[in-house]
Structure formats: C-alpha cells, structure tokens
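The lines below spell out each chain.
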Amino acid sequence: MPEIFINGQSVQASEDQTVLQVALENGFFVPYFCWHPQLSVAGNCRMCLVEVEGRGLDIACNMPVNTGMKVFTDSEDVKAHRKAILQFITLNHPVDCGICDKAGECTLQDYHYAYNGDASLSRDAKVTSTKFYNLSNRILLDNERCILCLRCTRFTHEVSKSMALGVERRGDVSNIRPVEDRPLAEDPYSDNIIDLCPVGALLSRQFLHKSRVWYLQPTPSVCPGCERGCTIQVWHRKPEWYLQSLDQRQNTSIARVTPLENPAVNGPWICNKGRDLARIFERTRAEQPMLKGRPVPVAEALDAARRLIGASRHPVALVSNWGSNEELEAFKRHLGEVFHSRVKRDWLPEEGERVEDDLLIRPDKNPNSAKARELFDEGGPAWHDGTDLVLVWGEGCDFARIPPKARLIFLNSYLAPENGHADVFLPISIQTERAGHYTNFQGVVSRFEACFPKAGSVLDAEAVFKSLATPARGHP
Ligand code: SF4
Ligand code: SF4
C-alpha cells in the first residue's frame, strides 16, 4: 500500500487510486467539475489541480499515486491557478443565476465564491449561444451556461449506453448536441444528466422555473416503479415556505424526485419513471368510506366490513404488492388465518415503457413483490364457486372475474369506478403519507418516510387490518 503525504499528513492509498480519490477519501477537499466517481476520467475542466513536490501543478483526477509523493491541495500556486481557471470557465458564462434553476445547488456558483470571488477580468463581449435548445421532451439545454465538462456525453456513452449526446464544433463555439438517430427521448435514464450537470445547462422541463431549490426539502423514499426499489429523494416545499395565497396544493405536492445514492441498490442513478412519481401519486384520491357508493363515517364502514368477514364461510383476499413490509406483516398477523390469500400484481408494464434492461429497470413493476411472496401464495386460483367474500387491497384487480355472488370489501387510494360498487369501500393512504419499508428483488430492505399529511377520513392499511380482526358489533 503506497504511503503518500497530503498537505504534510501521511495517508495510505491503494495502488490503483488517483490522488483525487485518495484526497477525497481522507477528507482533503479538492474541487472538480468534470470528474465523477462513476464516469471515466476526462480531465478537461482542470479544476482539480494540485501541486506535487518536484513536479509542479497537475490535475489530481488523472494522477496515479506514487509512494512517498508529497501533494499540496491548497498551496499559493494552487490557489492562484484555481482562481485563473475559474476566470477562464466563467469567461463566457452568463450571469443569470437569478433565473437559473440550478442556483442554490450550482457547483460553479459555489466554487466562484469559495475560490475566486472577483468580477471577470475580461472586457470582451461574451460569446453567445443557444439558450433553450430542445434536447428532448424532458430536457432543455442552455449552451451559454455549459462549461463543456462532458459529464452528460460520458453518461450516455458509458452508463445508459444510448450514445445520444456529443459535442459539435471546437473552441469557444463548441456545443453539446444530440447525435443523429440517437434520440435522447428514448433513453429511459436521460434525466440523470440533469443531476450530473454541475451548472444550470441541463434543465428539467417538468421543474423549469417551478420553484427555487431553497424553498424545498427532500424526504428519503423508495421508488415503487419496479421491484428494483431505487432509493430516492422526494422534494417538496418546506413548511416555513408554504404558500398562503397562491395555489396551496403546491404545499403538499411533489416538486421533483432525485436519486438517493445507494451502492446496494441503484448507485447514484434512477430511471425517468422514478422522476415521474407525481404522475402516480397525484392522481385524484378517494377519500370517502362508502357502503355500495353511499358515503358513511369511517367507523360505520369498518363495522360493516367486520360483519361481512364474520358472516363469510369462504373469504378470499387479494393482497397488494404495493403494501409495505409492515402492512403485509400486519395483514398476515391479523387476517392471515381468516382469509385464503393470494398476492396480486397491482401494476403491469405500461404501453411503451421499457420492461427490463441490464442497468436498473426490472420487469415486475411493483415495489414489494419479494416480501408479498415471502408471506403469501402467488400462484393458483384465488377463488372457487363457494367464495362468498373477496377483499381486494390496492389496484390491478380484474373485477369482472370475481364470483358474482361474492360480497366485496375494497381498499383503494384513488378514485375508480369500482369504489362505488363495493359493498364496503375503505380509502387508504399512499406511500408519501406514511412510513415503512419495501424489500427489493435482491432482498435489500429500504425505508421510506412520510412527507405529506393524509386526509382525516383516509386510513392506514395497517390500522384497517388490525381493526378488521376485532369482532363485529352486529350481524349482517
Ligand atoms: S451540459 Fe452540463 S454536463 Fe453537459 S457538458 Fe455542459 S456543463 Fe457538462
Ligand atoms: S429502475 Fe425501477 S425502482 Fe428504479 S427508478 Fe426506475 S422504476 Fe423506479
């Protein structure tokens, strides 16, 4: 193991490491734009230069470690050159931070204040370029803000393999451009380049000018889009910045979704479906308990459900694979002996959706099939001619196949025609309204937290199962 010295301190390195990796690993921060731990070394931004005794200045991202080397990350020479590099990088960069979505989390902005701070030395007019180039139906490109770090092009070549981006022309008129016949719109991982971009050059159309990032906070969660169970951050408005007079639904809506880095599951990436969770979670909700479509108080609906269960001789349950570990265990504990249960697939692949690949996307489009299968049977017929009660938990049930004479208890979160036909309908909370865990297809358990309050008439499935296990007060 080579020993090297960083700012006079001895540190141990592995032979295959670069000076940048060793420095970061040992708490010596070295600024960088183009380097990324999951991408190849480009070495084009020159921001990570350090001084090596007897060798002078060089970039740390492409510098192998050598036993005994003495590295300085903050010498006067390094500071002067860093400052010069920032002057160069901002030479043609517009000062439009005030309207840039990246403001507040822009590396260039942070480095400018940390390592430069001076106004531009140049008196020449800045080179202008395209401001809103249409990269895809999801992403806009501002070429003036681009610092040509090439993280985006490397991502499409090395990670998503869509090869959708390249660089056109040379010098100060170089531009990131789509590669002919390689539409970025067909890359299901395209939005990772928005996070990768160290500046505000790549912009999410969905998030464009919707909020300043300092109004938002992230809640750790898990994407329910497939059995990979990528960990994510669900961004929403901070309570101290709640809107009072503008559209107050924005206070409890998903502003954006970004990856929550997790080496055991998804690394630093997620697919675009994970970014679009608002499309799933912000459908019109069902919030009213009902008996055959007639609104009733929660207690009355629960009591009616208990009476149906008490009177049934052959009850069947279709268990949701969107239920959390805790909810599935609660069902097993409280109702497992009562119902003949089968795991239901709540979601199937949608038309046009990539079904499976060798990066993240899995064919089972449900987050907790592994835990559901561990606790309940999946195959075989769910019901027979004598089935007199069916409890359906969640979406994905083919109601036409339920035995016509069977009574129906339906637990669902969203408005659906079947809600009003059920003998008992119970509205239940969604993932953003409760905490829990999912188990992914590899057996990795990940936690999600609540970020929004639920309506008073909406129940947690876990509480419903416990409540349904207590004896009914009357007879059907
Ligand atoms: S668009 Fe962003 S990620 Fe791509 S090269 Fe420019 S600065 Fe880098
Ligand atoms: S790969 Fe699956 S779990 Fe991960 S973000 Fe995409 S849909 Fe969600």
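The rules behind each value
Residues numbered from 1 in each chain as written. Chains lettered and ligands numbered in written order. Predicted model: local features only at pLDDT ≥ 70, side-chain atom pairs only at ≥ 80, totals over all residues. Heavy atoms only, no water. Helix = DSSP H or I, 4+ residues; strand = E, 2+ residues; numbered from the N terminus. Buried < 20%, exposed > 50% of the residue type's maximum accessible area, 1.4 Å probe, protein only. Areas by Shrake-Rupley, 256 points an atom, 1.4 Å probe, with all protein chains shown as cover. Lys, Arg positive; Asp, Glu negative; His and termini not counted. Charge placed at Lys NZ, Arg CZ, Asp CG, Glu CD. Polar contact = N/O pair within 3.5 Å; in protein donor to acceptor, adjacent residues only side chain to side chain. Contact = heavy atoms within 4.5 Å. Pairing = 2+ DSSP bridges. Phe/Tyr/Trp six-rings, centres within 6.5 Å; stacked < 30°, edge-to-face > 60°. Lys NZ or Arg CZ within 6 Å of the ring centre and 35° of its normal. Near = heavy atom within 4 Å. Nonpolar A, V, L, I, M, F, W, Y, C, P; charged D, E, K, R; others polar. Domains from an automatic or database assignment. Arc of directions from axis to C-beta. Salt bridge = Lys/Arg side-chain N within 4 Å of Asp/Glu carboxyl O. Axes fitted to C-alpha atoms, helices over the stretch in contact; angles between N-to-C directions.

Draft legend 1. Structural context of the overall build of the chain. Within the chain, the secondary structure is distributed over 12 helices and 22 strands. Along the first, second and third principal axes, the C-alpha atoms of the chain reach 90 × 55 × 45 Å. Sorting the 476 residues of the chain into buried and exposed places 52% on the buried side. Surface accessibility of the chain: about 22300 Å² in total, with carbon and sulfur atoms responsible for 51%. Mean positive and mean negative side-chain charge positions of the chain (55 and 61 charges, respectively) differ by 4 Å.

Draft legend 2. Quick look at the side chain of Ser 429. With respect to the helices and strands, the residue Ser 429 is situated in the loop between β20 (424-427) and β21 (436-439). Reaching out from Ser 429, the side chain makes a polar contact with the side chain of Asp 460 at a distance of 2.5 Å. Look past the residues within four positions of Ser 429 in its chain and what remains in contact with it is Arg 285, Ser 413, Arg 434, Lys 454, Val 458, Leu 459 and Asp 460.

Draft legend 3. View of the sheet that holds strand β10 (residues 202-204). As summarised here, the arrangement of the 3 strands in space is β6-β7-β10, forming an open sheet in which the pairing is antiparallel. Edge strands, defined here as strands with exactly one partner in the open sheet, are β6 (133-134) and β10. Here strand β7 (residues 139-141) pairs with β10 via 3 bridges, running antiparallel. Looking at the pairing, Ile 139 lines up with Ser 204 of β10.

Draft legend 4. Summary view of the packing of aromatic side chains. Scanning all chains against the criterion turns up 17 aromatic pairs. Ring centres 5.1 Å apart and planes at 85 degrees place the aromatic pair Tyr 32 and Trp 35 in the edge-to-face group. Exposure remark for Tyr 32: the relative accessible area of 19% places this residue in the buried category. Summarising the aromatic geometry, the rings of Phe 331 and Phe 339 are spaced 6.0 Å apart at their centres and angled 40 degrees between planes, so their arrangement reads as tilted. When its relative accessible area of 5% is taken as the criterion, Phe 339 is described as buried. One aromatic cluster is present, formed by Phe 29, Tyr 32, Phe 33, Trp 35, Tyr 111 and Tyr 115 through successive ring pairs. Across the ring face of Phe 5, the terminal group of Lys 70 is positioned such that the distance to the ring centre comes to 5.5 Å.

Draft legend 5. Structural view of the site of ligand 1. Around ligand 1, the structure places Cys 146, Ile 147, Leu 148, Cys 149, Leu 150, Cys 152, Ile 176, Cys 197, Val 199, Ala 201 and Leu 202. Residue composition of the shell around ligand 1, grouped by class: 11 nonpolar, no polar and no charged.

Draft legend 6. Up close: the site of ligand 2. Lining the immediate surroundings of ligand 2 are Cys 223, Gly 225, Cys 226, Gly 229, Cys 230, Ile 270, Cys 271, Lys 273, Gly 274, Leu 360 and Ile 361. For the shell around ligand 2, a count of residues per class yields 7 nonpolar, 3 polar and 1 charged.

Draft legend 7. Structural context of the domain arrangement of the chain. Taken domain by domain, the chain consists of domain 1 (3-74) and domain 2 (290-469). Summarising the inter-unit geometry, the C-alpha centres of domain 1 and domain 2 are found 53 Å apart.

Draft legend 8. Focus on helix α3 (residues 107-116). Listed in full, the buried residues belonging to α3 are Leu 108, Tyr 111 and Asn 116. Buried residues of α3, seen end-on, are gathered within an arc of 75 degrees and therefore sit on one face of the element. Exposed residues on α3 whose side chains face more than 90 degrees from its buried face are Tyr 113 and Ala 114. As for α3, its buried residues are in contact with α2 (76-89).

Draft legend 9. Looking closely at the pattern of salt bridges. What the rule picks out here adds up to 36 salt bridges. Its salt-bridge partner being Arg 177, residue Glu 168 comes within 3.7 Å of it at the nearest N-O pair. Look at Glu 168 and you get partly exposed, because its relative accessible area is 33%. In this structure, the salt-bridge partner of Glu 227 is Arg 362, at a minimum N-O distance of 3.3 Å. Residue Glu 227 is found in the loop between β11 (216-222) and β12 (231-237), and its partner Arg 362 is found in the loop between β17 (340-344) and α10 (369-375); the two are separated by 135 residues along the sequence.

Draft legend 10. Inspection of the sheet that holds strand β13 (residues 256-259) at higher detail. Taken in spatial order, the 3 strands of this open sheet run β11-β12-β13, and their pairing is antiparallel. In the strand order of this sheet, the two ends are held by β11 and β13, each with one partner. Between one strand and the next, the sheet's axes are offset by a mean angle of 30 degrees, whatever the strand orientation. For β12 and β13, the ladder comprises 4 bridges, and the chain directions are antiparallel. Note on β13: the bridge partner recorded for Ile 232 is Pro 259.

Draft legend 11. The arrangement of the environment of Pro 224 in detail. Note that Pro 224 resides in the loop between β11 and β12. A sequence separation of 97 residues divides Pro 224 from Asn 321, and the C-alpha atoms of the two residues are 9.8 Å apart.

Draft legend 12. Up close: the pairing of strand β2 (residues 9-12). Pairing of strand β1 (residues 3-6) with β2 involves 4 bridges; the strand directions are antiparallel. Bridge assignment links Phe 5 to a residue of β2, and that residue is Ser 10. Counting the residues between successive antiparallel strands, the hairpin from β1 to β2 contains 2 residues, one of them, Asn 7, with a positive phi of roughly 50 degrees.

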